[in-house]
Amino acid sequence: MSDSEYAARAANIAETNPAACWVRVVLDVPLFSHYDYRVAQPVPVGTRVIVPFGRRKMVGVVVEQPATPALEPDQIRDVDEVLTDTPPLPVDWLRFAAFAAQYYQRPLGEVILPSLPASLRKVSAYQGKRSAGGPVHRLKRRKQPAIVPVAAQPSPGLNAEQLAAVEAIGGIKGHRTVLLHGVTGSGKTEVYVHAARDVLQRGKQVLFLVPEINLTPQLEQSLRRRLGGPDSPAPLAVMHSGLSEGERLRAWLAIQSGEARVLLGTRLAIFAQIPELGLIIVDEEHDTSYKQQDGLRYSARDLAVWRGHDSRVPVILGSATPSLESWKHAQSGHYLLLSLTKRAKAVALPAVRMVDTRRLPLEHGFSPQLLDAVNERLERGQQSLIFLNRRGYAPVLSCASCGWLTQCKRCTAYTVLHRARGRHHLQCHHCGYQAPVPRACPDCGDPDLKPMGRGTQRIEEFLAEKFPDARIARIDADSTRRKGSAEQLFARVHAGEVDILVGTQMVAKGHDFANLGLVGVLNADTMLFAQDFRAPERLFAQLMQVSGRAGRHTGGGEVIVQTDYPEQSVYQALKRHDYVGFAKVALEEREAVGLPPYAWQALLMAESRELARALDFLTKAQQLPQQFADAYATAPAVTLYDPVPLRIVRVANVERAQLLAESGNRAALHAFLTAWSRDLPGLARQCRVRFTLEIDPLEI
Ligand code: ADP
Ligand code: ZN
Ligand code: ZN
């Protein structure tokens, strides 16, 4: 959106007319329209109202007070109830929502309403039998959970690099985006804490975004301690998708009323109302969990930068492996680059070694070198981490005589062999379908079915046989399904009750393990040749992150990567801990072929029972610019690639295809998308497909 367009839209939202008897309301419906209603008393913009919509009632938000309504006055219905249990949504927040709606091509109501706690947008919470004064009133009557007193934690003194970073951030007037590039274990958290304290002391609030909260429970505790005074923990609210409705409402009210001064949250917290916002921190900014993958497909990192700019406050993006998007901005001087080049505790980064597995005898996927290294760490009383990005027992089960493979009935994918409570079953990782293990091959009748390859469960089983005295734990999506189980498992690792940890990417992120000496990586090569152009970037980041868990406190850490392609540049850069070199080459390659961050993309995906219909819709969508040249004035600057089926074409009996739109000119792409997103719903109805339009897709 151009600045002038944006300003016009924002002005619209700020327009307040105290005498208005009409209100324009947005609702959580997938239509690009507003609805006008009549009110007895004027209500300010940002007020929540209950309105009739068709035959039902809905909660909506007033976004305008039009002088004249869009319909004839006698066709306009009355607002049913004006909700006043929270103050109107502030104008700057509405402006932020309007930006997100415009940028991601969704109706404003689909941004505003889902960002509110569920009970504030449910008619039944106000007008039901048990509504008793509304959700806010009910919550206030309930007992508050006691604030657990926590002892203050002494801070390490900052080292010179940390100090320089804190001072540079403190010196920022108004908005600036800072890219804090710090090697793993360099003490980025300490920099965030100092920067946050400065802001809190000036009476402002801090938004602290993290990719995942359950995986890093220590962070919450440590922030509570460190951001408060010696006996007063900082009033800190936590927001993530695992909260109950009541917990979410409580956190929302705490930060919105200013009672909480820090909001620690996952991506959805970017939509919180923070009246005295003074600083936004985005930890592990490269992490793909900042991207929402359904509904409004936003990037919380990108929105954080916009929000910081609009609110005139600094934004700190921190990472050991920044996204190439952010790195490019830092190189061009658009972002302020601050670097922490050394580890805070153990001065040395771990030694990284590639083990060439092409000519080695492997034992259950382990090279003799890796097994020796695990053994050595056990003898020294140190922990080892075996990293494998594949959960389950084995990726597929196969017939020994005819080669038949277990396949999902509903997807074009193999079913994965799993073990739960001592028994095996098959499970599809795409649709969740589960089936028992067949007694014999359905094609040839041979009962000899064999697991092929290995996942974390099989690795865990093998290690338990190989090292019978070692205490082994597995952390993956299966072992942490129960609420609180991830926290428990990590607590055991931190308490030294685990000798060998087997895990997926869940263990790679942010953990500060004190006694972990060795990291072994299995199966890294599977990501090396993935089709997505971001695959090398993601592989490099993941390997750097997981390597960074080794030897953080004592030094002497070691990383062993097993690979058939040790000479690949990703591995070579990893060996040198050379993010800067990796990023330089990767950016040059992207620039040479005109890929992001040197181009902008949007992905149109269509779903139907029949692939042909999805492809037909996409082909027609591709032709719209030729049919309506006026509405698509910027189309010549946009490349529309041909529709293609997805690699896994069928999931849960739905077939999927996609079309990529790309341009070297962001404004042109957005003008195009605005026209497109108005035309697509009609076309989709006509072709009887479902579609999603994703802006800045991370996976293609
Ligand atoms: P990062 O997030 O950059 O990977 P952390 O913030 O987890 O690193 O810090 C790594 C470890 O170093 C932590 O145990 C932290 O307490 C410690 N640490 C941070 N700053 C210092 C310092 N200046 N002196 C000593 N230890 C520090
Ligand atoms: Zn067979
Ligand atoms: Zn399936």
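A. Quick peek at the packing of helix 6 (residues 160-170) against helix 7 (residues 188-201). Between helix 6 and helix 7, the shortest axis-to-axis distance is 9 Å and the interhelical angle comes to 35 degrees. In the packing of helix 6 onto helix 7, the handedness of the crossing is right-handed. Here helix 6 contributes Gln162, Ala165, Val166 and Ile169 to the contact with helix 7, which in turn contributes Glu190, Val191, His194, Ala195 and Asp198. Within the contact of helix 6 with helix 7, the residues separate by chemical class into 5 nonpolar, 2 polar and 2 charged.

B. Seen up close, helix 6. Residues of helix 6 that are buried: Gln162, Ala165, Val166 and Ile169. Relative to the axis of helix 6, the buried residues are bounded by an arc of 95 degrees and lie together on one face. Those residues of helix 6 that are exposed and angled more than 90 degrees off the buried face are Ala160 and Glu167. Each element contacted by the buried residues of helix 6 is listed here: strand 7 (177-182), helix 7, strand 12 (315-319) and strand 13 (336-340). With a side-chain oxygen lying 3.2 Å from the backbone nitrogen of Glu161, the N-terminal cap of helix 6 falls on Asn159.

C. Examining the nonpolar core more closely. Counting residues in each nonpolar core, the largest one holds 130 residues, and the members touching the most others are Ile112, Ile270, Phe617 and Trp676. Membership of the second largest hydrophobic core comes to 29 residues, among which are Val210, Val238, Val262 and Leu338.

D. A look at the confidence of the model for the protein. Averaged over every residue, the pLDDT of the protein is 92; residues scoring 70 or more account for 94%. Under a pLDDT of 50 for its full length, residues 1-11 has, in the predicted model, 12 contacts with residues more than four places off or in other chains.

E. How the structure looks around the coordination of the zinc ion (ligand 2). Donor atoms from the polypeptide that bind the zinc ion (ligand 2) are Cys399 (SG), Cys402 (SG), Cys441 (SG) and Cys444 (SG), placed at 2.3 to 2.4 Å. Taken together, the 4 donor atoms coordinating the zinc ion (ligand 2) span angles of 103 to 115 degrees at the metal, a pattern that classifies the geometry as tetrahedral. Taken in sequence order, the residues that donate to the zinc ion (ligand 2) follow the motif C-x2-C-x38-C-x2-C. In this pair, Cys402 sits in the loop between strand 16 (396-399) and strand 17 (416-420) while Cys441 sits in the loop between strand 19 (434-436) and strand 20 (449-452), placing the two residues 39 residues apart along the sequence. The class for Cys441 is buried, based on a relative accessible area of 3%.

F. Spatial organisation of the domain arrangement of the protein. The domains assigned to the protein are domain 1 (3-141), domain 2 (160-340), domain 3 (351-394 + 453-591) and domain 4 (600-695). One C-alpha centre belongs to domain 2, the other to domain 4, and the line joining them spans 35 Å.

G. Examining the coordination of the zinc ion (ligand 3) more closely. Looking at the metal site, the zinc ion (ligand 3) is ligated by Cys408 (SG), Cys411 (SG), Cys428 (SG) and Cys431 (SG), spaced 2.2 to 2.3 Å from it. For the zinc ion (ligand 3), the 4 donor atoms are set out with angles of 106 to 114 degrees between them, so the coordination reads as tetrahedral. In terms of primary sequence, the donors binding the zinc ion (ligand 3) are separated according to C-x2-C-x16-C-x2-C. Of this pair, Cys411 sits in the loop between strand 16 and strand 17 while Cys428 sits in the loop between strand 18 (423-427) and strand 19, placing them 17 residues apart in sequence. Here the two residues Cys411 and Cys428 agree in accessibility, since each one is buried.

H. Region of the structure containing the sheet that holds strand 18. Ordered in space as 17-18-19, the 3 strands form an open sheet in which the pairing is antiparallel. Each having just a single partner strand, strand 17 and strand 19 make up the two edges of the open sheet. The mean angle between the axes of side-by-side strands here comes to 40 degrees, regardless of whether they run parallel or antiparallel. Sheet topology places strand 17 next to strand 18; 5 bridges connect them, and they run antiparallel. The residue bridging Arg419 from the neighbouring strand is His424, located in strand 18.

I. Representation of the pattern of salt bridges within the structure. One pass over the structure, following the stated rule, counts 39 salt bridges. The residue Arg301 makes a salt bridge to Glu285 at a minimum N-O spacing of 2.9 Å. Linking Arg301 in helix 10 (residues 300-310) with Glu285 in the loop between strand 11 (277-282) and helix 10, this pair joins segments that are 16 residues apart in sequence. As far as burial versus exposure is concerned, Arg301 and Glu285 are alike and both buried. Residue Arg474 is joined to Asp476 by a salt bridge in which the shortest nitrogen-to-oxygen separation is 3.0 Å. What makes Asp476 buried here is its relative accessible area of 0%. By sharing partners, the salt bridges in this structure join Arg24, Asp36 and Glu64 into a single network.

Rules used throughout
- Residues numbered from 1 in each chain as written.
- Chains lettered and ligands numbered in written order.
- Predicted model: local features only at pLDDT ≥ 70, side-chain atom pairs only at ≥ 80, totals over all residues.
- Heavy atoms only, no water.
- Axes fitted to C-alpha atoms, helices over the stretch in contact; angles between N-to-C directions.
- Helix = DSSP H or I, 4+ residues; strand = E, 2+ residues; numbered from the N terminus.
- Left-handed = near helix turned anticlockwise from the far one by under 90°.
- Contact = heavy atoms within 4.5 Å.
- Nonpolar A, V, L, I, M, F, W, Y, C, P; charged D, E, K, R; others polar.
- Buried < 20%, exposed > 50% of the residue type's maximum accessible area, 1.4 Å probe, protein only.
- Arc of directions from axis to C-beta.
- Polar contact = N/O pair within 3.5 Å; in protein donor to acceptor, adjacent residues only side chain to side chain.
- Core = buried A, V, L, I, M, F, W, Y, C linked by side-chain atoms within 4.5 Å.
- pLDDT = per-residue confidence, 0-100.
- Donors = N, O, S within 2.8 Å, 3.2 Å for Na, K, Ca; no water.
- Tetrahedral: all angles 85-135°; square planar, octahedral: opposite > 155°, others 65-115°.
- Domains from an automatic or database assignment.
- Pairing = 2+ DSSP bridges.
- Salt bridge = Lys/Arg side-chain N within 4 Å of Asp/Glu carboxyl O.

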